[in-house]
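Residue-level structural notes
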Amino acid sequence: MSWPGAVKLTYKVLRSILVTLLILTVALPALLYVTLSLPPVQRRLCGIARQELTALLGVPIEIESLSISPFSRVDISGVLIRDERSDTIMHARHLGAGISMSRLLFHGEPVITYVELVGLKARINRPMPGSPLNIQPIIDALKPKDKNKPPTRFDLQINTIVIRQSQLAYDVLSAPTTPGHFNPAHIHIDDLKADISIPKLSNDDFDIELKRLSATEHSGLTITRLQTNATVTENGIDLRNTELRMPESTIRFSDIDIKFDGWQDIAPSILHQPHHVAILPGSHVTLADLGALVPQLRNFNRQVDIELAAIGSADSIALEHFDLSLPDEKAWIMCQGHIRGLDSIRTASLHLSRLSVNATGKEITDIAGSFTQLSPMAVRTICNLGQICLNGSIDAA
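Since the model is a prediction, treat every value here as computed from it, not as a measurement. (Residues numbered from 1 in each chain as written. Predicted model: local features only at pLDDT ≥ 70, side-chain atom pairs only at ≥ 80, totals over all residues. Heavy atoms only, no water.)

To continue, consider the side chain of Asn125. As for its placement among the helices and strands, Asn125 is situated in strand 4 (residues 111–126). A relative accessible area of 16% means that Asn125 is categorised as buried. When residues no more than four places from it in sequence are discounted, the contact partners of Asn125 are Arg85, Pro132, Leu133, Asn134, Asp171 and Leu173. (Helix = DSSP H or I, 4+ residues; strand = E, 2+ residues; numbered from the N terminus. Buried < 20%, exposed > 50% of the residue type's maximum accessible area, 1.4 Å probe, protein only. Contact = heavy atoms within 4.5 Å.)

Computed from the structure, the largest pocket encloses a volume of approximately 530 Å³. Mapped by element, the contributors of at least two residues to the lining of the largest pocket are strand 15 (303–312), strand 16 (316–325), strand 17 (332–340), strand 18 (349–360), helix 6 (361–369) and strand 19 (387–396). A breakdown of the residues in the lining of the largest pocket according to their chemical character gives 24 nonpolar, 2 polar and no charged. The computed volume of the second largest pocket comes to approximately 390 Å³. Forming the boundary of the second largest pocket are 14 residues, of which Val277, Leu308, Ala310, Gly312 and Ile317 lie nearest the centre. Looking at the lining of the second largest pocket, the elements that each hand over two or more residues are strand 13 (275–279), strand 15 and strand 16. By residue number, the principal contributor to the lining of the second largest pocket is strand 15, which donates 4 residues. In terms of residue class, the lining of the second largest pocket is built from 11 nonpolar, 3 polar and no charged. (1 Å grid on protein atoms, 1.4 Å probe; cavity = no way out; pocket = protein on both sides within 12 Å on 5 of 7 lines; lining within 4 Å. Points joined across faces, edges and corners; volume = space filled by probe spheres on them. Nonpolar A, V, L, I, M, F, W, Y, C, P; charged D, E, K, R; others polar.)

Let us now look at the environment of Ile333. If you trace the backbone, Ile333 turns up in strand 17. With a relative accessible area of 36%, Ile333 lands in the partly exposed category. Taking the C-alpha atoms as reference points, Ile333 and Ala359, 26 residues apart in sequence, are found 8.7 Å from one another. Setting aside chain neighbours within four positions, we find Ile333 in contact with Phe322, Asp323, Leu324, Leu355, Ser356 and Val357.

Shape descriptors only; they carry no functional weight alone.
Following this line, the structure appears as structure tokens:
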């Protein structure tokens, strides 16, 4: 073969290869997309997912439908998890997730672009205090089978987690109910909404930005907005920009640092080590928002400015200062001291080394009238006292 003929043949071969590669580059993703969009394929994938999740979690799993958009998105509808007695543990109307393939392929960074959870209904319960939860089989199934094997390393990023129209319930079945009053043995949360970002999630540490969380508990306790930025490592938890809003209350907290020595030390450190907590100036609370916790506060609809600096744990609180005042400054309370023995009502004690109260008789009757019915004579007597100033201390046990 002559040299010009060889060059021409080589050109044709290379052109054929390039054209074939170009066609495959376009055709294969399109073919994969069409294949994964076919109902029989999606039903097969749904069946595989159901079998694998049932084997992984150790309880029956049902999935109504599953769809995949190649390289970017997975959507699952009608996820149902039952316990060993066939009672519903969880039902989710819609689960969705997306991944950035470009970040994974070109930078080696697994980035989940979004997670969407809509219509979640979760029911967790136990027969009596201290007994196993109905989700204990799932917890056991997810535990490492080989305790000597180090955990799998992971490091990923989740840009956005969206939760909407969700409900959570926790019940101790043997405990009595208390309608209209918050009961830690029967917690039912409705209309749960949340927007969360997790810039870093790994074995050793993670960052969480809780942009918004709102929910209503069936006792009437309502959170209209909770936000915070949290950094968690094996040595501590840092909370920044924490703010809690209720229908008529806004409480802003100073930064909170909780130190501990390893993951196993988290609960003991939170409960038993002293931590500094402060409520910043500009915070205010309407006590009626706390009526589900203290029913006597339901009728107190006046806004109260609040400031606090304290060091406390689960069993004691040292009050550096605790100030309550009405916005017009006609009435205020300031105190300093400590509370001990919070873990048992029988051993609880209160010592206020400084207590200052300033109010007019009119303000006192207005405040007292929110809690009890005063006779006309009592109202006149208190109002005639004029401006009342008290300074002293309190010891109570």
